[in-house]
Amino acid sequence: MQQFRKITIAAALGAGLVVGMTGCDSKDKELPVPAPEVQEAQAAVSAIKNGNDTLRYSSTAPQLVMLQSQSIPASPVPLTDQLSAHLVYDDDVTARLGVSISGRIVALKAAPGDAVKAGQVLAEIDSPDVGTVYADISKARADEEHKHTVLERAKDLAQGEAIALKDLESAQADYTQAKAETARAELRLKNLNPNGLAIRGQRISLVSPMNGVVTERTATPALEVSPGMSSPLFVVTDPKRLWLMIDLPEKLLGRIKLGSAVSVESDAYPNERFNAKIIQLSQAVDPNTRRATVRARLDNPGGKLLPEMFVRASVLQDSGSGVPVPNSAIVTRGIYSFVFVQTAPGEFQRRKVKLLTQGSDISYVGEGLQGAERIVVKGALLLDAEMSASDSHD
């Protein structure tokens, strides 16, 4: 049978002091029995030690207010402490749209935050350059057709020796030049419109090349546009994919490899973790910070994370798992580490654990814990003090 021992604190000591002082008045007098309300106070603040490593409190014990437990599942163990990182657009699924012509925006069809489809019109631009090129093409084609007619007539006349051979050769040269001029005009139009945008008259439609979301727009009504503008008129991207840029100390470069999994946390979503995978290692180290930039592709299916957010990244080991425990939950005694596990309401068991890694905020436990157990993350020192007080009375 397990031995039960009551451990009392403030109220119990107060009640004992009152009884002791009453007993000092006369050795012959019988010690009074504490009043019922005192007995209730003693029971409320007492912990029962059940066995060597378990404490049990009543449901009204005030200590329970100072305790907090949390169910923590097992997860892959990181190679290092959390690293600083930030998010940027995934350039593989991002289009920064500008123009290769001069003109003026006459209509805007999309705003920041709009979801767009491939081929959807974002803006319409009136461009005199396009009108000039179309006029040049029309003139070149008309001249080519005229020169072709002249050449055919010259061939018929040359067969009857009605004209000199040099006149036929001259007509042939004129037609060849006209064809070259038509090709030049058409090529200029292709250079002005390399993406094959829809053109009506001298209006050109700027369309999205992909499905995505408009995340940036510098285009405004009546804005004068031209090639070589410093900022794109529209940025369209797939928000479900981002790049994670990790600042890695140079001493860790040898421990990171392509394809390593990365766990990402953000202050915006403290209870969620996002997954990423390293796709590129840096080929240079910043001489000022002694850090290298490692790029990972991050899955963002819900679109919660945004470009330019600062996050924390943990590069995970290829195998093995542990329970991530806050350092506030770990009690150290000599060379051994312990945590308290809530096994039932009001009942807490002390466990000896083995730490796989120990970081500044979180340590990973390899032995002594199973995943999804409720770990005391606040008040572990209080439980350890009561356990130590109980041990001293044994």
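Residues numbered from 1 in each chain as written. Predicted model: local features only at pLDDT ≥ 70, side-chain atom pairs only at ≥ 80, totals over all residues. Heavy atoms only, no water.

Asker: How do you make sense of unusual backbone geometry when you look at a structure like this?
Answerer: If a residue is not glycine, its phi is most likely negative; likewise, a peptide bond is most likely trans. Positive phi, close to 55°, is recorded for Arg290, a residue that is not glycine. Among the secondary structure elements, Arg290 is positioned in the loop between strand S18 (269-280) and strand S19 (291-299). By relative accessible area, which is 40% here, Arg290 ends up partly exposed. Here the phi dihedral of Glu308 falls at roughly 75°; this positive angle occurs in a residue that is not glycine. Turning to its location among the elements, Glu308 is positioned in the loop between S19 and strand S20 (310-326). (Helix = DSSP H or I, 4+ residues; strand = E, 2+ residues; numbered from the N terminus. Buried < 20%, exposed > 50% of the residue type's maximum accessible area, 1.4 Å probe, protein only.)

Asker: Explain the packing of helix H3 (residues 128-159) against helix H4 (residues 165-192) here, please?
Answerer: Helix packing for two helices is described by the angle between their axes and how far apart those axes are. Put simply, H3 and H4 touch, their axes get as near as 8 Å, and they point 160° apart. On the basis of the axis angle, H3 is roughly antiparallel to H4. The handedness of the crossing between H3 and H4 is left-handed. When grouped by side-chain class, the residues that make up the contact of H3 with H4 number 15 nonpolar, four polar and 12 charged. (Axes fitted to C-alpha atoms, helices over the stretch in contact; angles between N-to-C directions. Parallel < 35°, antiparallel > 145°, perpendicular 65-115°, else oblique. Left-handed = near helix turned anticlockwise from the far one by under 90°. Nonpolar A, V, L, I, M, F, W, Y, C, P; charged D, E, K, R; others polar.)

Asker: It is not clear to me how the sheet that holds strand S14 (residues 224-225) should be interpreted in this structure. Could you clarify?
Answerer: In sheet architecture, strand pairing relies on hydrogen bonds along the backbone and comes in two forms, parallel and antiparallel. If you walk across this open sheet you meet the five strands as S11-S12-S10-S8-S14, and the pairing is antiparallel. Strand pairing shows two members of the sheet lacking a second neighbour, strand S11 (199-200) and S14, which therefore form its edges. Note: S11 against strand S12 (residues 203-207), two bridges, orientation antiparallel. If you follow Ile199 over to S12, its bridge partner there is Ile204. (Pairing = 2+ DSSP bridges.)

Asker: Can you help me understand the nonpolar core in this one?
Answerer: Nonpolar side chains in soluble globular proteins generally cluster together in the buried interior. With 29 residues, the main nonpolar core has Leu122, Leu233, Phe234 and Val236 as its most contacted residues. Sorting the residues of this core by element identifies strand S7 (94-97), strand S10 (121-126), H3, H4, S12 and strand S15 (234-237) as the ones contributing at least two each. Counting residues per element, this core draws most heavily on H3, at four residues. In terms of nonpolar packing, the next biggest core, distinct from the first, is built from 22 residues, Ile246, Leu252, Val262 and Phe274 among them. (Core = buried A, V, L, I, M, F, W, Y, C linked by side-chain atoms within 4.5 Å.)

Asker: What exactly am I supposed to notice about the environment of Ala154 here?
Answerer: As for its placement among the helices and strands, Ala154 is situated in helix H3. Since its relative accessible area comes to 7%, Ala154 is described here as buried. Along the primary structure Ala154 and Leu168 are separated by 14 residues, whereas in three dimensions their C-alpha atoms are 5.5 Å apart. For Ala154, the contacting residues outside a window of four places in its chain are Ile163, Leu168 and Ala171. (Contact = heavy atoms within 4.5 Å.)

Asker: What am I meant to see in the pairing of strand S24 (residues 362-367) here?
Answerer: Every regular strand shows the same layout, with side chains that alternate between the two sheet faces. Bridge count for S20 against S24 is four bridges, and the pairing is antiparallel. Each residue of the ladder has a partner; that of Pro326, found in S24, is Ile362. Sheet topology places strand S23 (residues 347-358) next to S24; four bridges connect them, and they run antiparallel. Looking across to S24, one finds that Leu355 is bridged to Val365. From the end of S23 to the start of S24, which pair antiparallel, there are three residues.

Asker: It is not clear to me how the pairing of strand S13 (residues 212-217) should be interpreted in this structure. Could you clarify?
Answerer: Examined bridge by bridge, strand S9 (residues 115-116) and S13 share two bridges and lie antiparallel to one another. Pairing of Ala115 across the sheet is with Val213, part of S13. Pairing analysis gives four bridges linking S13 to S15, with the strands arranged antiparallel. Across the sheet, Arg217 pairs through a bridge with Phe234, a residue of S15.

Asker: Just checking my understanding: could you explain H4 for this structure?
Answerer: Residues spaced three or four apart along an α-helix face the same direction, because each turn holds 3.6 residues. Taking 1.5 Å per residue, 28 residues should reach 40 Å; H4 reaches 41 Å between its end C-alpha atoms and fits that length. Of the residues making up H4, those classed as buried are Leu168, Ala171, Tyr175, Ala178, Thr182, Ala185, Leu189 and Leu192. Residues of H4 that are buried make contact with H3 and S11. (Expected span 1.5 Å × (residues − 1).)

Asker: Is there a simple way to explain the confidence of the model for the chain in this structure?
Answerer: Any region with low pLDDT has predicted coordinates that should not be read closely. Mean pLDDT over the chain: 83, with 86% of residues reaching 70 or higher. Looking at the elements of the chain, mean pLDDT is at its lowest for helix H1 (residues 10-23), recorded as 38, and at its highest for S15, recorded as 95. Contacts for the low-pLDDT stretch residues 1-29, under 50 throughout, to residues beyond four places or in other chains number 35 contacts. Every residue in residues 38-45 is under pLDDT 50, and counting partners more than four places away or in other chains gives 18 contacts. (pLDDT = per-residue confidence, 0-100.)

Asker: How do you make sense of the sheet that holds S7 when you look at a structure like this?
Answerer: Across the sheet, which stays open at both edges, the four strands sit in the order S7-S15-S13-S9 with antiparallel pairing between neighbours. Both outer strands of the open sheet, S7 and S9, are each paired with one neighbouring strand and no more. Where S7 meets S15, four bridges bridge the pair, whose relative direction is antiparallel. The residue of S15 that forms the bridge with Ala95 is Val236.

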